[in-house]
Amino acid sequence: MILQIDDQNGVRTLTLNRPEALNAFNEALYDAAAEALLAAAEDPDIAVVLITGTGRAFSSGTDLAEMQARVADPDFTPGKYGFTGLIDALSAFPKPLICAVNGVGVGIGATILGYADLAFMSSTAQLKCPFTSLGVAPEAASSYLLPQLVGRQNAAWLLMSSEWVDAEEALRMGLVWRVCEPSELMAVARRHAEILASRPIASLMAVKHTIVEPIRPEIAAASARENAHFAKLMGGQANADALAEFTGRRGN
């Protein structure tokens, strides 16, 4: 099962489970994650969603082999929700969302933190927004959410450099709320999730609504801008060269 779902004490834990691909999102995982968030939003017994990964990665982002297939294969079949459906589900999610970054987080594995109400990170984890190294644009409204979260200069470095950021730097920037030892990460994240889940769901949702509602139009506008740039750049020379290099390395 590519997405493990576990419910305890009002907390639904979604564990990305493609460890052989470092929990990269293919169309099936995008669909499963979007469906799980939509279901949790409607479930009266679920107060909080906690997202983490299995193995040594949180998520290595979009599956680049599938990205290349999308560019090169005329018969490529997109999923029901896909990337944009997951972003829509994250943006609209009406309850507290917690991320526990257990390992490497790349692309959506980093930009998803823009949607987290709380983010916990293992002291050994690293994050990267690889868009310029792939010759593409930002994604997931990160061009709006990251400056809001960490300030313009930190966001500019994250989005322009394609460099790794370690847990200490992520904490300094404000990209995550707490850094934990790897063995303690899930216990700490669950403890905080259960504290929130002990509060009335209607009250939690009211707080979330009042925080997020003013910026939802900005998120949508940023996504539209990013998607327009992405459409122009994906399949272009820089992107094609980067994907070819990736698939060549993987095949060696």
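It should be noted that the structure appears before, not after, this text.
So, here is what we can say about the structure in this document. (Residues numbered from 1 in each chain as written. Predicted model: local features only at pLDDT ≥ 70, side-chain atom pairs only at ≥ 80, totals over all residues. Heavy atoms only, no water.)

A look at the pairing of strand β1 (residues 3-8)
Here comes step 1: Sheet analysis places β1 next to strand β2 (residues 11-16), joined by six bridges and oriented antiparallel. Pairing of Gln8 across the sheet is with Val11, part of β2.
Here comes step 2: With antiparallel pairing between neighbouring strands as the criterion, β1 and β2 make up a hairpin whose turn holds two residues, including Asn9 at a positive phi of roughly 55°. (Pairing = 2+ DSSP bridges. Helix = DSSP H or I, 4+ residues; strand = E, 2+ residues; numbered from the N terminus.)

Considering helix α5 (residues 142-150)
Here comes step 1: What α5 keeps buried is the set Ser142, Tyr144, Leu145, Leu146 and Val150.
Here comes step 2: Where α5 is buried, its residues touch α4 (108-111), α6 (152-161), α7 (167-173) and α10 (216-233). (Buried < 20%, exposed > 50% of the residue type's maximum accessible area, 1.4 Å probe, protein only. Contact = heavy atoms within 4.5 Å.)

Examining empty space enclosed by the protein
Which parts of space are left empty comes out when a probe the size of a water molecule is rolled across the atoms.
Here comes step 1: Using the criterion set out here, one finds two cavities of 30 Å³ or more in the structure.
Here comes step 2: Reported here for the largest cavity is a volume of approximately 50 Å³.
Here comes step 3: If you go around the largest cavity, the residues you meet are Leu3, Leu14, Leu16, Phe25, Ala33, Leu37, Ile51, Leu86 and Ile112.
Here comes step 4: Elements supplying a minimum of two residues to the lining of the largest cavity: β2 and α1 (27-42).
Here comes step 5: Its residues placed into classes, the lining of the largest cavity shows nine nonpolar, no polar and no charged.
Here comes step 6: As a volume, the second largest cavity reaches approximately 40 Å³.
Here comes step 7: Considering the residues around the second largest cavity, the lining is formed by Gln8, Val11, Thr13, Arg190, Ala193 and Glu194.
Here comes step 8: Elements represented by at least two residues in the lining of the second largest cavity include exactly β2 and α8 (185-197).
Here comes step 9: At three residues, the largest contribution of residues to the lining of the second largest cavity is made by α8.
Here comes step 10: When its residues are assigned to classes, the lining of the second largest cavity shows two nonpolar, two polar and two charged. (1 Å grid on protein atoms, 1.4 Å probe; cavity = no way out; pocket = protein on both sides within 12 Å on 5 of 7 lines; lining within 4 Å. Points joined across faces, edges and corners; volume = space filled by probe spheres on them. Nonpolar A, V, L, I, M, F, W, Y, C, P; charged D, E, K, R; others polar.)

A short note on the sheet that holds strand β3 (residues 48-53)
Here comes step 1: Ordered by their spatial adjacency, six strands build an open sheet running β1-β2-β3-β5-β7-β10, and the pairing between neighbours is mixed. The open sheet has two edge strands, β1 and β10 (178-180), and neither has a second partner. Here the strands of the sheet are splayed against their neighbours by 20° on average, with no regard to which way each runs.
Here comes step 2: Contacts from α1 reach β1, β2, β3 and β5 (97-101), with the element oriented near 175° to β2. (Axes fitted to C-alpha atoms, helices over the stretch in contact; angles between N-to-C directions.)

Examining α8
Here comes step 1: Compared with an ideal rise of 1.5 Å per residue, which puts 13 residues at 18 Å, α8 spans 18 Å between its outermost C-alpha atoms and is within 8% of the ideal.
Here comes step 2: Looking at α8, one finds that the buried residues are Leu185, Val188, Ala189, His192, Ala193 and Ala197.
Here comes step 3: Buried residues along α8 sit against β2, β3, β5, β7 (118-122) and β10. (Expected span 1.5 Å × (residues − 1).)

Details of the layout of surface pockets
Here comes step 1: Taken as a whole, the largest pocket holds about 1100 Å³ of empty space.
Here comes step 2: Among the secondary structure elements, those contributing two or more residues to the lining of the largest pocket are α1, α2 (64-72), α3 (82-92), β6 (104-106), α10 and α11 (237-251).
Here comes step 3: Tallying contributions element by element places α11 first for the lining of the largest pocket, with five residues.
Here comes step 4: Split into classes, the residues belonging to the lining of the largest pocket amount to 24 nonpolar, eleven polar and eleven charged.
Here comes step 5: Estimated volume of the second largest pocket: approximately 390 Å³.
Here comes step 6: In terms of lining, the second largest pocket is formed by 23 residues, of which the most central are Gly114, Tyr115, Ala116, Asp117 and Leu149.

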